[in-house]
Structures are given as structure tokens and as C-alpha cells.
Amino acid sequence: MSLARLAFPLLRRLPPEAAHGLALRALELGLVGADALPDDPVLATTCFGLPFANPIGLAAGFDKDARVVDAVLGLGFSLVEVGTITPRPQPGNARPRLFRLEADAAVINRLGFNSGGLRAALPRLGRPRRRRGVVGVNIGANRDSQDRIQDYVDALAAVHPYADYVTVNVSSPNTPGLRALQARAELDALLQALLARRAALGPKPILVKVAPDLDPAEIEAIAEVAVARGIDGLIVANTTVGHRDGLRSAQRGEAGGLSGRPLFLPSTLVLAAFHRLLGGRVPLIGVGGVASGADAYAKIRAGACLVQLYTALVYAGPWVVGRIKADLAALLRRDGFAAVGAAVGATTLS
Ligand SMILES: Cc1cc2nc3c(=O)[nH]c(=O)nc-3n(C[C@H](O)[C@H](O)[C@H](O)COP(=O)(O)O)c2cc1C
């Protein structure tokens, strides 16, 4: 048995932020065994113009400062989204700010974009790496920014040479007012500025990450802006500020964004709503509560061309990636799909 397998149960006994720090350190030191198996060809797919060996990615927030990109890709993810990176370093909110809700297989975080900033991340992003997969960079605005649009534009320009795609995070619940950038006029102005900058920088997929806490009119407005501006993709969704009813853990009342199992259904419904409106015109990445091959398959059938996860790593460890991929391949074959792409949007939820 590997050292990582022996140590994993111990991590769960540590305070969550300490456990996260140790997990990053273990990955940096190469102590977590890599998954060397080639991916099943049925899992290969293409999304927003990029090829992926499988549709399973690591969501933003785990590797905020781009410390363990190669190690994460070595775990079997086809993509890692680093960040959120803010232009300038900032400490984030006071601790404690990360909570495990064990009985609910969930996490609440109010980290608040703790970030080493662009200056810390860029040298790491620029370091030569074993190109085993896709690296997305998720960008945000500093909490005390006087001009949030300028923050995103500056961050886009800085990460552009190193990112395979860039995610515009307008959906963290932990930076006051950030989610207001999802409103029609605000989002349109932000995207206009980013796309103008991209025109000067050169082609690069730009995705927008949205909240799961959107009503139908807000979903429609975002979908319309995404189509009108020709955005390359939407990531659905970030953590939720709702859905506390029914949680059993003592920590359920903590402020912040909820992720993990309780987010699966609400985020999948929002994903399906976007798919219904967009019908494939804007590719979608499905995120929220994915912990099994069946969960990943449900996201794909609801309209996702790729799936990301984070919280499942906390409860099941990095081995969950291999299990999800094997079970997803079996489900695709069972239902007669020759490739992931053929299953995207196969379920029409009403
Ligand atoms: C501790 C933690 C930190 C996160 N930080 C970020 C972040 O910096 N930027 C971001 O876009 N999403 C962040 N997220 C949200 C995840 O990327 C993802 O959208 C969400 O957790 C739902 O997926 P999951 O249920 O698989 O965890 C964070 C999530 C967690 C649990």
C-alpha cells in the first residue's frame, strides 16, 4: 500500500486548512503515486476547441497558486484549473474559513480569494512542465479593487501566455459584490473589455464561471450575453450560498459557499437549464457534487462536455479519479455511446 493511502485517513483528522496544506505539500514532493494508465479511448473528447484524454478535471480552488500542476495531471485528471488568482496578493478572510461537513459529504468555504497574486503564480505557470493535460487559469478581482474590470483585464494579459484557457470567475460568494458581475449589463461590459484585450493578445478560449444560485431570468440573461459576445464556454457552477435545509452537520450554519453532495442536484439543474437555452452553441463544463462515474455521466447527459470536481477529493482521495473514469467508460458503453461527445445533452431534463 502506498504512503499516500496510509496517510489519507489521517488527513481527515486534521483541521481542514492544515489538511489541504499537507496534501499540497505531499503532491509537491511527489509523495502521491501517479496514475500511469493510459485513458480508455471512449473517454477522449474535445471541448471549446481543445482535446482532452478524458472529461474529468480538477476544479478551481485546490491549487490556487499553481503549485502542483504536473502532480495533479499525474493523478489522472485531464485538466487542472488553477486559481482563483487575483492580480495582487491578498490574505483572504480570517480563519477558520474552511469547514468539513462530514455527515453531508460537503464543504463550506469562505476563503475569500487567498492568493499569492500574479507575481507568485506566473513563474510557476511558466515553468516547463510535462504536458500531460490541459491547464486552465481562473482569474478574479482583488477585494479592495477600485476597478474590477481592469483587474480581470490585467490578469488575462498576464496569464495569457501560460494558460490553455482562462476562466473569468464572477461567482465566488466570498468577495462582496463579485456576483453582481453576473448581471446582464455588468457581464456584458466585463466581457467586452476582456474580448477587446484578447483581440490584441491572440486567440485563447475564455470561459465564464457562474453561480448555482441563479433564477431563470438570470440564467437567460447570462446565456444571451454568452452567445452575443461569443464566449467559448460556461462553467456551471461555483459553490452555493443556499441549500442549507436538510444538512445534518454541526457546521451547517457557517457562512460561505457550500460544495459537495448537496450541490449536485441544484448545480445539475442549472446546467440543464443552460443547455436547454444554448443547445450546444456555448460549451458547458459541469461542476458540483461529482463523486462517482454515475454523477459525471449525469452531468454529461445534462449538457456538460467536461466535468470538474473538488470536494470528492476531500472525502475519497485522489483514487476517486480512476474510479470515476472506469465507471463512466462502462456507463457510456452500456448505453451504446462510442465517445463522450455523443452523450452530451442526451438527457433532456424538464
Ligand atoms: C475550499 C474550496 C475553495 C474553492 N476556491 C475556488 C476558487 O478560488 N475559485 C473558483 O472558481 N472556485 C472555487 N471553488 C469552487 C469549486 O471550484 C467548485 O466550483 C465547487 O466546489 C463545486 O464542486 P465540488 O462540489 O466538486 O467541490 C472552491 C471550492 C472549495 C471547496
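Right above here is the structure, for reference.
Scoring rules and cut-offs
- Residues numbered from 1 in each chain as written.
- Predicted model: local features only at pLDDT ≥ 70, side-chain atom pairs only at ≥ 80, totals over all residues.
- Heavy atoms only, no water.
- Helix = DSSP H or I, 4+ residues; strand = E, 2+ residues; numbered from the N terminus.
- Rg over C-alpha atoms; globule rule 2.2 N^0.38 Å.
- Buried < 20%, exposed > 50% of the residue type's maximum accessible area, 1.4 Å probe, protein only.
- Contact = heavy atoms within 4.5 Å.
- Areas by Shrake-Rupley, 256 points an atom, 1.4 Å probe, with all protein chains shown as cover.
- Lys, Arg positive; Asp, Glu negative; His and termini not counted.
- Charge placed at Lys NZ, Arg CZ, Asp CG, Glu CD.
- Axes fitted to C-alpha atoms, helices over the stretch in contact; angles between N-to-C directions.
- Parallel < 35°, antiparallel > 145°, perpendicular 65-115°, else oblique.
- Left-handed = near helix turned anticlockwise from the far one by under 90°.
- Nonpolar A, V, L, I, M, F, W, Y, C, P; charged D, E, K, R; others polar.
- Pairing = 2+ DSSP bridges.
- Salt bridge = Lys/Arg side-chain N within 4 Å of Asp/Glu carboxyl O.
- Expected span 1.5 Å × (residues − 1).
- Arc of directions from axis to C-beta.
- Near = heavy atom within 4 Å.
- Polar contact = N/O pair within 3.5 Å; in protein donor to acceptor, adjacent residues only side chain to side chain.
- Core = buried A, V, L, I, M, F, W, Y, C linked by side-chain atoms within 4.5 Å.

Chemist: I'd love a proper account of the overall build of the protein chain, names of residues and values included.
Modeler: Scanning the protein chain from terminus to terminus reveals twelve helices and 13 strands. By the compact-globule yardstick of 20 Å for 350 residues, the protein chain fits well, its C-alpha radius of gyration being 19 Å. With respect to the principal axes defined by its C-alpha atoms, the protein chain has extents near 55 × 50 × 45 Å. Buried positions account for 57% of the 350 residues belonging to the protein chain. Taking the contacts inside the protein chain whose residues are at least 6 apart along the sequence as the reference set, 74% of them involve residues at least 24 apart. With the model as given, the accessible surface of the protein chain reaches about 14300 Å², and the carbon-plus-sulfur share is 57%. Taken together, the 39 basic and 29 acidic charged side chains of the protein chain have centroids lying 5 Å from each other.

Chemist: Tell me about the packing of helix 9 (residues 293-301) against helix 11 (residues 320-334), residues and numbers included.
Modeler: With their axes 7 Å apart at the nearest point, helix 9 and helix 11 run at an angle of 55 degrees to one another. With respect to helix 11, the element helix 9 is oriented oblique. Crossing angle aside, the handedness with which helix 9 passes helix 11 is right-handed. Residues G293, A294, A296, Y297 and I300 of helix 9 pack against I324, D327, L328, L331, L332 and R334 of helix 11. For the contact of helix 9 with helix 11, the class distribution of residues is eight nonpolar, one polar and two charged.

Chemist: Give me the lowdown on the sheet that holds strand 3 (residues 56-58), citing residues and values where you can.
Modeler: Neighbouring strands of a sheet are bound in pairs by backbone hydrogen bonds; such pairs are parallel or else antiparallel. The eight strands are arranged 3-4-7-8-9-10-12-13 in a closed barrel whose pairing can be described as parallel. Recorded for the sheet is a direction-independent mean angle of 25 degrees between the axes of neighbouring strands. Here strand 4 (residues 79-85) runs beside strand 7 (residues 134-139); their pairing, made up of six bridges, is parallel. In the sheet register, L79 faces strand 7, and the bridge partner there is V134. Against the sheet, helix 9 engages strand 3, strand 12 (284-287) and strand 13 (306-309), with an angle of about 135 degrees to strand 13.

Chemist: Before we move on, could you go through the pattern of salt bridges and cite the residues and values that matter?
Modeler: For the coordinates displayed, the defined rule picks out 16 salt bridges. Salt-bridge contacts for E102 lead to R12; the nearest nitrogen and oxygen are separated by 2.9 Å. Residue E102 is located in the loop between strand 5 (98-101) and strand 6 (106-109), and its partner R12 is located in the loop between helix 1 (3-11) and helix 2 (16-28); the two are separated by 90 residues in the primary sequence. The exposure class of R12 is partly exposed, given its relative accessible area of 27%. Among the ionic pairs, R334 bridges to D335, the shortest N-O distance being 2.8 Å. Residue classification places D335 among the partly exposed residues on the basis of a relative accessible area of 31%. One salt-bridge network, held together by shared partners, links R12, R100 and E102.

Chemist: Please provide a residue-by-residue account of helix 2, values included.
Modeler: With 13 residues, helix 2 extends 18 Å from end C-alpha to end C-alpha; this agrees with the ideal 18 Å at 1.5 Å per step. Taken as a whole, helix 2 has its buried residues at E17, A19, H20, A23, L24 and L27. Down the axis of helix 2, the buried side of the element spans an arc of 160 degrees, and every buried residue falls inside it. Buried residues belonging to helix 2 abut helix 1, helix 3 (69-74) and strand 5. Positive phi shows up at G30, right after helix 2, with a value of about 75 degrees.

Chemist: I'd like to hear about the sheet that holds strand 11 (residues 257-260), residue by residue, with values.
Modeler: Read across the open sheet, the three strands follow the order 5-6-11; overall the sheet is antiparallel. Of all strands in the sheet, those bounded by a partner on one side alone are strand 5 and strand 11. Averaged over all pairs of adjacent strands, the angle between strand axes in this sheet comes to 20 degrees, irrespective of strand direction. Bridge analysis of strand 5 against strand 6 gives four bridges, and the strand direction is antiparallel. Bridged to L98 within strand 6 is N109. In the packing of helix 8 (residues 261-278) onto the sheet, contacts are made with strand 6 and strand 11, and the angle to strand 11 comes to roughly 95 degrees.

Chemist: Let's hear about the site of the ligand: which residues, and what values?
Modeler: Near the ligand there are 25 residues, and of these A60, T84, K209, G289 and T311 occur at the shortest range. Contacts to the ligand include A237, whose backbone N or O atom sits 3.0 Å from an oxygen atom. For the ligand, whose accessible area on its own is 610 Å², the fraction buried by protein is 97%. Broken down by secondary-structure element, the contributors of at least two residues to the shell around the ligand are strand 4, strand 6 and strand 11. Split by residue class, the shell around the ligand holds ten nonpolar, 13 polar and two charged.

Chemist: Give me the lowdown on the nonpolar core, citing residues and values where you can.
Modeler: Among the nonpolar cores identified, the biggest contains 89 residues, and Y152, L234 and F274 are the most heavily contacted of them. Of the residues forming this core, the biggest block, seven residues, is contributed by helix 11. Every residue in contact with L234, bar those within four places of it in the chain, is listed here: V208, V210, I222, A226, F274, L278, V282, P283, L284 and I285. Within the second largest apolar cluster, 14 residues are counted, among which are L50, V134, Y165 and C305.

Chemist: Describe helix 1, with residues and values.
Modeler: For an α-helix the count is 3.6 residues per turn, leaving residues at separations of three or four pointing the same way. Considered for burial, the residues of helix 1 that qualify are A4, F8 and L11. For helix 1, the angular spread of buried residues about the axis comes to 65 degrees, placing them on one side. Residues of helix 1 that are buried in the fold lie against helix 2, strand 5 and helix 10 (311-316).

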